[in-house]
Amino acid sequence: VSNFKIIESTLREGEQFANAFFDTETKIKIAKALDKFGVDCIELTSPAASEQSRKDCEAICKLGLKTKVITHIRCHMDDARIAVETGVDGVDVVMGTSKFLREFSHGKDMTYITKTAIEVIQFVKSKGIEIRFSTEDSFRSDLVDLLSIYQAVDKVGVNRVGIADTVGVANPRQVYDLVRTLRGVVGCDIECHFHNDTGCAIANAYTALEAGATHVDTSVLGIGERNGIPSLGGFIARMYTADREYVMSKYNLKALREVENLVAEAVQIQVPFNNYVTGYCAFTHKAGIHAKAILANPSTYEIIRPEDFGMSRYVSIGHRLTGWNAVKSRCEQLELTLTEDQVKEVTAKIKKLADVREQTMEDVDSILRNYARAIENGTA
Ligand code: HCA
Ligand code: CU
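About the criteria used
- Residues numbered from 1 in each chain as written.
- Chains lettered and ligands numbered in written order.
- Predicted model: local features only at pLDDT ≥ 70, side-chain atom pairs only at ≥ 80, totals over all residues.
- Heavy atoms only, no water.
- Helix = DSSP H or I, 4+ residues; strand = E, 2+ residues; numbered from the N terminus.
- Buried < 20%, exposed > 50% of the residue type's maximum accessible area, 1.4 Å probe, protein only.
- Contact = heavy atoms within 4.5 Å.
- Areas by Shrake-Rupley, 256 points an atom, 1.4 Å probe, with all protein chains shown as cover.
- Lys, Arg positive; Asp, Glu negative; His and termini not counted.
- Charge placed at Lys NZ, Arg CZ, Asp CG, Glu CD.
- Pairing = 2+ DSSP bridges.
- Axes fitted to C-alpha atoms, helices over the stretch in contact; angles between N-to-C directions.
- Donors = N, O, S within 2.8 Å, 3.2 Å for Na, K, Ca; no water.

Draft legend 1. Representation of the overall build of the protein within the structure. Within the protein, the secondary structure is distributed over 15 helices and 10 strands. Considering only C-alpha atoms, the protein reaches an extent of 90 × 40 × 35 Å along its principal axes. Per-residue burial over the protein gives 53% buried out of 380 residues. When contacts within the protein are restricted to residue pairs at least 6 apart in sequence, those whose partners lie at least 24 apart make up 72%. Entry remark: accessible area of the protein is about 17,500 Å², with carbon and sulfur atoms responsible for 49%. Distance between charge centres in the protein, computed from 46 positive and 52 negative side chains, equals 2 Å.

Structural data, given as structure tokens:
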């Protein structure tokens, strides 16, 4: 599954998120932050969508980013003619509407669709621009029809084909089967786009790579239509656990938080508390048993090293589940010298207080300091 590529679609799929309105300046900031993180491609809203969308697309192409700049259009010659004039490195074409696709699945318009797709592909390629051809709602389409159109576009030299789970209906096993089958009939790259309506988006993306896909679509914090697609951070977390060296050498992981904060602010949302890697509790350890093991060896309860992402771990001790090992570690940080029995005694005090209400870190520190002072003064 190594050697995958990320098509970062915050500036296309992400613009379809309910709260998203990106002005030119914001788009440029996001594009630069994604470039700094090191995504392989960024995908932009169709220049045919509006006059400003077209201008923004041109402006981003002129930034001289390392990442490839791709735009996303309908499978129409009208859109293709506009797209090739913007300066993009690539064009992602998606076929028709779902209604169109349904007709196609029933065997109607197959010839027409194939003909249009080939025309668009040949035109875009003739301009020296990369092209991908994808179908919308691939998992509810007729397999035979799908495979024959992919085969036809592969033959005329499309750079990538794409499958899209537009409605978030697919599960990993179905993804594996479809991508595996597709891998057998086309020689070009395969891109995958998964919606997260049922929480399978990241798992589906990973499985697609296992089955032979090459490119995965993401967006920052997963924003998109409805509840979105795989989040860049979540997908990266998944790939990091599969091949840490590769992911660390290819992407600037410490730049993740910055781009997430930027996008969160732009669309006026909070980074979720349980967000992958950067959520506020992503590296917080609480239960006494966990805290003890974490202090001895973080790998016991951490699959991701927080420092690789510029994050830090936190051992929570001001609660009734706390344990004396974690308290002892905090005493050491505060340079309070207590015996084991004393640490156990003060831990019991913390638990007793925490049974009434959670204690903050400051509360715990003052309990520890007061206890140590009392020991010193012989008044404990
Ligand atoms: C949509 C289009 C799309 C396209 C995906 C792709 C989808 O907004 O419906 O081009 O791969 O989910 O089908 O985002
Ligand atoms: Cu989509």
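What follows continues from the structure just given.
Draft legend 2. Quick peek at the sheet that holds strand β8 (residues 215-218). Ordered in space as β1-β2-β3-β4-β5-β6-β7-β8, the eight strands form a closed barrel in which the pairing is parallel. Taken over all neighbouring pairs, the strand axes of this sheet differ in orientation by 25° on average, direction set aside. Pairing of strand β1 (residues 5-8) with β8, which is carried by four bridges, proceeds in the parallel orientation. Within the sheet, the bridge partner assigned to Glu8 lies in β8 and is Thr218. Its contacts with the sheet place helix α6 (residues 143-155) against β4 (90-95), β5 (130-135) and β6 (160-165), and it is angled at close to 170° to β5. Of the strands in this sheet, β1 and β8 are in contact with helix α9 (residues 232-242), which crosses β1 at around 175°.

Draft legend 3. Examining the coordination of the copper ion (ligand 2) more closely. Every protein donor of the copper ion (ligand 2) is listed here as Glu13 (OE), His193 (NE2) and His195 (NE2), and their distances to the metal cover 2.1 Å. Written as a sequence motif, the donor arrangement for the copper ion (ligand 2) is E-x179-H-x1-H. Placement of Glu13 in the loop between β1 and α1 (24-37) and of His195 in the loop between β7 (189-194) and α8 (201-210) is noted, with a sequence separation of 182 residues between them. Residue Glu13 shares its accessibility class with His195, and that shared class is buried.

Draft legend 4. Representation of α8 in the model. Of all 10 residues making up α8, eight are buried, and the element is well covered by its neighbours. Of all the residues in α8, the buried ones are Ala201, Ile202, Asn204, Ala205, Tyr206, Thr207, Ala208 and Leu209. At its buried positions, α8 is contacted by β6, α7 (172-185), β7, β8 and α9. Trailing α8 by a residue or two, Gly212 shows a phi angle of about 115°, which is positive.

Shape is all these values report; function is a separate question.
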